[in-house]
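So the chains spell out like this:
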Amino acid sequence: MATDTSGSIPASASTNATAYKPRYIDIGINLADPIFRGQYHGTQRHPDDLSAVVSRAKEVGCHKLIVTGSDFTSSRHALEIAREYPGTVYTTAGIHPCSSSIFSTTHSHVETNGHTMPCDPDPSQPIPEDDEPDVERTASIISELRTLIEEARGSSAGPSPLVAFGEFGLDYDRLHYCSKKIQLHSFAAQLDLALSLQPQLPLFLHSRAAHADFVGLLKDKFGPRLEKLERGAVVHSFTGTAEEMRELMDLGLYIGTNGCSFKTTENCAVVKEIHLDRLMLETDGPWCEVRPSHEGWKYLIEPPKAASPAVANIGETGTADNAEVTSNGTPLEQAQQQARKGKQQQSKKPQKKEPEVPERWKTVKKEKWVEGAMVKGRNEPCMIERVGKIVAGIKGVTLEEVCEAAWRNTTKVFPVGE
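Fair warning: this is a prediction, and the values are worked out from it, not measured in the lab.

**Q** Describe the packing of aromatic side chains, listing the residues and the values that go with them.
**A** Counting across every chain of the model gives 3 aromatic pairs. Relative to Phe214, the ring of Phe187 has its centre 5.5 Å away and its plane inclined at 0°; by these criteria the two rings are stacked. With Phe187 in helix H4 (residues 180–196) and Phe214 in helix H5 (residues 211–222), this pair connects stretches of sequence that are 27 residues apart. By the burial criterion, Phe187 is buried, and Phe214 matches it. Three or more aromatic residues joined by ring pairs make a cluster, and in this case those are Phe165, Phe168, Phe187 and Phe214. The positively charged end of Lys180 is found above the aromatic ring belonging to Tyr172, 4.7 Å away from the centroid. Here the basic side chain of Arg278 rests over the ring of Tyr254, its NZ or CZ set 4.1 Å away from the ring centre.

**Q** Can you lay out helix H1 (residues 50–59) for me, pointing to particular residues and giving the numbers?
**A** For H1, the complete set of buried residues consists of Leu50, Val53, Val54, Arg56 and Ala57. Down the axis of H1, the buried set is contained in an arc of 160°. They therefore lie on one face. Each element contacted by the buried residues of H1 is listed here: strand E4 (62–67), helix H2 (72–84) and strand E12 (374–375). Directly beyond the C-terminal end of H1, a positive phi value near 100° is found at Gly61.

**Q** Describe in detail the nonpolar core, supporting the description with residues and values.
**A** Ranked by size, the top nonpolar core spans 95 residues in total, and within it Leu31, Phe165 and Leu203 carry the most contacts. Residue contributions to this core peak at 7 residues, all from H4. Look past the residues within four positions of Phe165 in its chain and what remains in contact with it is Ala93, Leu145, Ile149, Gln190, Leu193, Ala194, Leu197, Leu201, Pro202, Leu203 and Phe204. Core analysis: the next-biggest nonpolar cluster, separate from the first, contains 14 residues, Tyr90, Ala164, Tyr254 and Trp407 among them.

**Q** I'd like a rundown of the pattern of salt bridges, residues and numbers included.
**A** Under the definition given, this model contains 18 salt bridges. Here the residues in one salt-bridge network are Asp49, Arg56, Arg378 and Glu380, joined through shared partners.

**Q** Kindly report on the pairing of strand E6 (residues 162–171), identifying the contributing residues and their values.
**A** Within a regular strand, the side chains alternate between the two sheet faces. Among the 10 residues that make up E6, 10 are buried, leaving the element largely enclosed by the rest of the structure. Alignment of strand E5 (residues 89–93) against E6, held across 3 bridges, turns out to be parallel. Bridge pairing links Thr91 to Leu162 in E6. Summarising the sheet, E6 and strand E7 (residues 203–208) pair through 6 bridges and their orientation is parallel. Pairing of Phe168 across the sheet is with Leu205, part of E7.

**Q** Kindly report on unusual backbone geometry, identifying the contributing residues and their values.
**A** Put simply, Gly166 and Glu167 share a cis peptide bond, and its omega is 15°. As for its position among the elements, Glu167 is in strand E6. Of note, the bond from Gln198 into Pro199 is cis; its omega dihedral lies within 30 degrees of zero at -10°. One non-glycine residue, His41, lies in positive phi territory at about 50°.

**Q** Report on the sheet that holds E7, specifying residues and quantitative values.
**A** Taken in spatial order, the 8 strands line up as E1-E4-E5-E6-E7-E8-E9-E10 in an open sheet, and their pairing is parallel. With one partner strand each, in any of the chains shown, strand E1 (24–29) and strand E10 (279–281) form the two edges of the open sheet. Within this sheet the neighbouring strands show an average axis-to-axis angle of 30°, counted without direction. Note that strand E9 (residues 254–257) and E10 share 3 bridges and pair parallel. Bridging across to E10, Ile255 finds its partner in Leu279.

The rules behind the values
- Residues numbered from 1 in each chain as written.
- Predicted model: local features only at pLDDT ≥ 70, side-chain atom pairs only at ≥ 80, totals over all residues.
- Heavy atoms only, no water.
- Phe/Tyr/Trp six-rings, centres within 6.5 Å; stacked < 30°, edge-to-face > 60°.
- Helix = DSSP H or I, 4+ residues; strand = E, 2+ residues; numbered from the N terminus.
- Buried < 20%, exposed > 50% of the residue type's maximum accessible area, 1.4 Å probe, protein only.
- Lys NZ or Arg CZ within 6 Å of the ring centre and 35° of its normal.
- Arc of directions from axis to C-beta.
- Contact = heavy atoms within 4.5 Å.
- Core = buried A, V, L, I, M, F, W, Y, C linked by side-chain atoms within 4.5 Å.
- Salt bridge = Lys/Arg side-chain N within 4 Å of Asp/Glu carboxyl O.
- Pairing = 2+ DSSP bridges.
- Axes fitted to C-alpha atoms, helices over the stretch in contact; angles between N-to-C directions.

See the structure below:
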C-alpha cells in the first residue's frame, strides 16, 4: 500500500483564482448524533433541523458528506440518513475504540443517549485493565457487523452508500470509556473482519496517543508495508506528531484534518508538513470546531483593507494633496466636515462589535433556536470551509490547491463519485 508521497498534487486546471468555487467532501461528520435532530441528552430542545444542516453544507460547496458510524446504533442511523439524501450522504460502519467495551466480559458500553463522544481528552479515572475480552461476545459482535456491512452493500440497486469500514482504531486519551486491553482486542478483531471482506472496504481509522500500537497492529494484519490493504485508508482527526504523520504517509495512508488539528503551534507545524497528495478534510461535527483560542484561528482573520492614498493624506493633514473636490463635485473641505460630523454622530450610538471572522449565518443557543440559525457549540459540515482556509494559510498555498487535492484524494479512496 505504501506509495510515493514526496510531492504535492498540483491544482486541477479549473478556472482562474477569482472565479474558483471551492468544493469539499466532509470525510467525517457525525450526522447520526441526535444533536442534529434537536435532541440533547434525551431531551428535545428544538425541532429537527438536519435538512437545514445539509443545505448549509451545500451552500459553501460541501457537496458530499461521509457520516461516521461509531457503533451499531450510529452505523444504522447513518444508513437511514444516506437513504434520505442519496448522492450526497455516504456512510461508514464500525466500532469506535471508545465504544469497544462491548467486547469485554465485565464492562458494558457507556450509555450516551446515542450521542458520539466529545473529541477532547478526559482526565477521569481510566477503566481498570483487569477486564478480559469475551470470546463469545466478540464472535457475536463481528458476525453482526459483517451482516450489517453485507446487507448495506447489497441493499440498493445502485452504488452502496456504505463507503468505508470504521470508525475504529485506538484512543489512549479516553481510557475512561474503554481499557487499552479491550481496545487492542477490538481493533484486532475488526482488522481481521476488514481483511476478510471481498471486496475490501477503505478504512476510516482513529489513532489518538496510541501510535506505536496502532501502526504495529496495522502492519501485523496487512503486512509491513500494508501491502494487503487494497483500498486505502485515512487516519482521521489527526493530532499526532510530525514524525508519526510522516510514518503514516510513508505507509500510503491519508491524513484527515479538522479543528482539533489546529489547536497549538505544534499542531499547525504538523499540518504544514502534510503532503497535498495525502490530505483529506473533515469537520468531525458536532465536535472539533475551530475556536478563537486555536492557533489556526488567525488564518481566518482577514487583514484590514488599506486606505487609499487620498484618504491617508486626509487623515494625516486634514486636506488631500492634488484634490479640491470630491468625485461628485462637492468641495473637499465641505465633504471632510460632513464625514467628521457623521462619525461624531455615529460615535454617540452604541455599536455592536463586528466578529473578527465573518459569519454566514446567525448563531444562537439551543434554547433560543430559530429556523435558519446555527446552534452555538454544534459544529456543522458547512464549517469545512474554515478547515480548508486554515490548511491553505498554514501551508502557504491557495484554497483551490487545498480543495482540489483533498477532493481528488477522497474520491480516489472512497467510492463517492465525482
